[in-house]
Amino acid sequence: MSLVNLLNVQILNNPAPFLSPLQFGITFEVISEIKEDLEFKVIYVGSAKGEEYDQVLESVMVGPAPVGVGKFVLEAPAPNPQKIPNSDALGVTVLLLSVLYKDEEFVRVGYYVNNFVADEALATVYDPENPPATIDFNVLSRNILADKPKVGCMAIAVTRFPIKWDADEAAEAAAGTDSMQSKPVDAEMQEPMQIEM
């Protein structure tokens, strides 16, 4: 059972110019006392071609987090355009909000992001199927698809992962066992649950 629940994530500046910071209004709930800080990480997927194009835009530690509901605004800088292949600068990509405890990810929220030009006069030049050799990121806008489903798929996906919390570690230390090691693989290593927000 998770000791921390992500209750709500609100995109505060959307749509916005591509180069403007991203802002998330985050509400979370701590159900039982935790000893360490929570880490919130924003990751921009620059290309489906490989993780080397992923950019960690921001990573913040929040804590100590007392039992109850907490709220804060997380601001992350825009992605670095020099790390995005021209062929992937326009069109749809993915933005991830990851929450970790003791370096273990326990929840991930994924959003589709559409990068486009708002100026119709430039729309033919900035065609996602045939992008120009040089892209001026100053003319691009982004729209994080946070509230309406994309055709044939979800705009938001929440994935939860089982991790060891403080109470689990204390119980294992007292019993002299490691529950992640002593349980059969199929009993513990289940697929993460997908939920639509």
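That block above? That's the structure.
In short, a report on the structure. (Residues numbered from 1 in each chain as written. Predicted model: local features only at pLDDT ≥ 70, side-chain atom pairs only at ≥ 80, totals over all residues. Heavy atoms only, no water.)

In this description, an aromatic ring pair is defined by two values, namely the gap between the centres and the angle between the planes. Counted according to the given criterion, the structure contains seven aromatic pairs. A centroid spacing of 5.0 Å and a plane angle of 75° characterise the contact between Phe40 and Phe72, whose relative ring orientation is edge-to-face. Here Phe40 is found in strand 4 (residues 38-45), whereas its partner Phe72 is found in strand 6 (residues 68-76), with 32 residues between them in sequence. Accessibility classification places Phe40 together with Phe72 in one group, the buried group. Among the aromatic side chains, those forming a connected cluster through ring pairs are Phe18, Tyr44 and Phe137. (Phe/Tyr/Trp six-rings, centres within 6.5 Å; stacked < 30°, edge-to-face > 60°. Helix = DSSP H or I, 4+ residues; strand = E, 2+ residues; numbered from the N terminus. Buried < 20%, exposed > 50% of the residue type's maximum accessible area, 1.4 Å probe, protein only.)

Moving on to the pattern of salt bridges. All chains considered together, the criterion is met by four salt bridges. Between Lys49 and Asp88 there is a salt bridge, and its shortest N-O distance comes to 3.6 Å. Of this pair, Lys49 sits in the loop between strand 4 and strand 5 (54-62) while Asp88 is found in the loop between strand 6 and strand 7 (91-101), placing the two residues 39 residues apart along the sequence. Overall, the relative accessible area of 56% leaves Lys49 in the exposed class. One salt bridge in this structure joins Arg108 and Glu105, with 2.7 Å as the shortest N-O distance. You can call Arg108 partly exposed: its relative accessible area is 29%. (Salt bridge = Lys/Arg side-chain N within 4 Å of Asp/Glu carboxyl O.)

The topology assignment puts Glu39 in strand 4. At 2.5 Å, the side chain of Glu39 forms a polar contact with the side chain of Ser59. Excluding its chain neighbours within four sequence positions, the residues that come into contact with Glu39 are Ser59, Val60, Met61, Ser98, Val99, Leu100 and Asp103. (Polar contact = N/O pair within 3.5 Å; in protein donor to acceptor, adjacent residues only side chain to side chain. Contact = heavy atoms within 4.5 Å.)

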